[in-house]
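Residue strings, one per chain:
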Amino acid sequence: AQSVTQPDIHITVSEGASLELRCNYSYGATPYLFWYVQSPGQGLQLLLKYFSGDTLVQGIKGFEAEFKRSQSSFNLRKPSVHWSDAAEYFCAVGASSGTYKYIFGTGTRLKVLA
Amino acid sequence: SQTIHQWPATLVQPVGSPLSLECTVEGTSNPNLYWYRQAAGRGLQLLFYSIGIDQISSEVPQNLSASRPQDRQFILSSKKLLLSDSGFYLCAWSNEQDRGLGYGYTFGSGTRLTVV
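Just so it is clear, the model here is predicted, and its values are computed rather than measured.

(A) Up close: the packing of aromatic side chains. Taken as a whole and judged by the stated rule, the model has 19 aromatic pairs over all chains. Ring centres 5.6 Å apart and planes at 85° place the aromatic pair Tyr36 of chain A and Phe107 of chain B in the edge-to-face group. Highlighted residues: Tyr36 of chain A in strand β5 (residues 33-38) and Phe107 of chain B in strand β10 (residues 106-107), drawn from two different chains. Take Tyr36 of chain A and Phe107 of chain B: they sit in the same class, and that class is buried. Following the ring pairs from residue to residue traces out a cluster consisting of Phe34, Tyr36, Tyr102 and Phe104 of chain A together with Tyr34, Tyr36, Tyr49, Tyr105 and Phe107 of chain B.

As structure tokens, this is what we get:
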């Protein structure tokens, strides 16, 4: 069965520092992968998604993610974090064809120090 | 453009009272609709999803139910709330052609439910 693991529950970085949030998936075929961001008390907003092709995907708000099949990973990165990036980040994988569902990780809460 | 509306934004209800949360989507037809719950400090739990009117699948057996009275309306209900029903409820929609193959969800802004 498909699964998504986000190993880091909390991450704290200083403003201006680089960021990498980890996501590992388990899926038998080529996955469809997503990163979402959730600000406190808000819904989830799609940051970026990977279907196929170029393994480095650019998203909104200066985020990018790299799909690495050999490592079953889809890590989210940002070269320089802003205080407004403080939020919770969720990785998700498209489930098997025909199921209409996505599998979400448990999330990583990002804290940004001024 | 498509929009999703979810209300109310916050709700405080006593134990044993009924619940009705509403979600509507505009600008698309025959969307796939979803209800998720997010408990404090936990991830997203899929509660129900619907690929059409009268086609609702339940993921987690509990005292909640869902209905889809119209194509773009999805309602989450309970006859008697429990303390454990407290949480953040999110509605989402995806393209009708999406079968988990990559279109992604668009989420509503959520309802914070506190059962007291």
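(B) Fine view of the sheet that holds strand β1 (residues 3-7) of chain B. All names here are of chain B. Strand order in the open sheet made by the four strands is β1-β3-β8-β7, with antiparallel pairing throughout. Since the sheet does not close on itself, it has two edges, and those belong to β1 and β7 (64-70), each with one partner. Between one strand axis and the next, the sheet turns by 15° as a mean value, whatever way the strands run. When β7 meets strand β8 (residues 73-78), the two strands line up antiparallel, connected through five bridges. Among the inter-strand pairings, Ser65 is bridged to a residue of β8, identified as Ser77.

Definitions and cut-offs
Residues numbered from 1 in each chain as written. Chains lettered and ligands numbered in written order. Predicted model: local features only at pLDDT ≥ 70, side-chain atom pairs only at ≥ 80, totals over all residues. Heavy atoms only, no water. Phe/Tyr/Trp six-rings, centres within 6.5 Å; stacked < 30°, edge-to-face > 60°. Helix = DSSP H or I, 4+ residues; strand = E, 2+ residues; numbered from the N terminus. Buried < 20%, exposed > 50% of the residue type's maximum accessible area, 1.4 Å probe, protein only. Pairing = 2+ DSSP bridges. Axes fitted to C-alpha atoms, helices over the stretch in contact; angles between N-to-C directions.

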